[in-house]
Amino acid sequence: MERFVAALAPGDVVISGGCRGVDTWAVAAARARGLETVEHLPELKNCRRRWEYAEAYYARNRLIADGCDVLVAFVSEDRKGGTENAISHARKLGKKVVIMTPPPPPPRRSRR
């Protein structure tokens, strides 16, 4: 992710959902380069039921998809959750989607 942000052009904007991990790392790397960042945090203030929390996160994902020209998604191995939801929204809007997968784990060394 750091290499990706390092390759962005001046004037590019990093849009984030504010989740711990890749979202916060991307924002920190972009800010360190002086790039503009936009964070769409879910509105959880009035959520009481589980489905209300889910809807708040889905609404946040729609904002991310709406606001981007290209959605670059750093996906986890299980490929589920909010990132997949944001990918779905971006594709429905006809946005370009770039999937960044985690590197494969290093080979295991045999024990003798």
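Preceding this section is the structure that the text describes.
Now for a quick tour of the structure. (Residues numbered from 1 in each chain as written. Predicted model: local features only at pLDDT ≥ 70, side-chain atom pairs only at ≥ 80, totals over all residues. Heavy atoms only, no water.)

Before going further, it helps to examine the nonpolar core. In terms of nonpolar packing, the biggest core is built from 10 residues, these being Ile64, Ala65, Cys68, Leu71, Ala73, Val75, Ala86, Ile87, Ala90 and Val97. Put simply, the parts of the chain that give this core at least two residues each are helix 3 (50–67), strand 3 (70–74) and helix 4 (82–92). A per-element tally of this core places helix 4 first, with 3 residues. Beyond its immediate chain neighbours, meaning those up to four positions away, Ala86 contacts Asn61, Ala65 and Leu71. Counting 8 residues, the second largest nonpolar core, distinct from the first, contains Leu8, Val14, Ala30 and Leu35. (Core = buried A, V, L, I, M, F, W, Y, C linked by side-chain atoms within 4.5 Å. Buried < 20%, exposed > 50% of the residue type's maximum accessible area, 1.4 Å probe, protein only. Helix = DSSP H or I, 4+ residues; strand = E, 2+ residues; numbered from the N terminus. Contact = heavy atoms within 4.5 Å.)

Moving on, we come to the side chain of Thr37. Along the chain, the position of Thr37 falls in strand 2 (residues 36–39). A distance of 3.2 Å separates polar atoms of two side chains, one belonging to Thr37 and the other to Arg31. If we ignore the near neighbours within four places in the chain, the residues touching Thr37 are Val14, Val27, Ala30 and Arg31. (Polar contact = N/O pair within 3.5 Å; in protein donor to acceptor, adjacent residues only side chain to side chain.)

Our next topic: the pattern of salt bridges. Under the defined criterion, the tally for this structure stands at 1 salt bridge. Between Glu39 and Arg31 there is a salt bridge, with the nearest N and O atoms lying 3.2 Å from each other. The exposure class of Glu39 is partly exposed, given its relative accessible area of 35%. (Salt bridge = Lys/Arg side-chain N within 4 Å of Asp/Glu carboxyl O.)

What follows covers the layout of surface pockets. Taken as a whole, the largest pocket encloses approximately 1000 Å³ of empty space. Along its surface, the largest pocket is lined by 37 residues, and Ile15, Asp23, Leu71, Val72 and Ala73 are the ones closest to its centre. The element that contributes the greatest number of residues to the lining of the largest pocket is helix 3, accounting for 6 residues. Partitioning the lining of the largest pocket into residue classes produces 21 nonpolar, 8 polar and 8 charged. Approximately 280 Å³ is the volume found for the second largest pocket. Every residue lining the second largest pocket is counted, 13 residues in all, and those nearest its centre are Met1, Phe74, Met100, Thr101 and Pro103. Within the residue set of the lining of the second largest pocket, elements represented by two or more residues are helix 1 (2–6) and helix 2 (22–32). The element that contributes the greatest number of residues to the lining of the second largest pocket is helix 1, accounting for 3 residues. (1 Å grid on protein atoms, 1.4 Å probe; cavity = no way out; pocket = protein on both sides within 12 Å on 5 of 7 lines; lining within 4 Å. Points joined across faces, edges and corners; volume = space filled by probe spheres on them. Nonpolar A, V, L, I, M, F, W, Y, C, P; charged D, E, K, R; others polar.)

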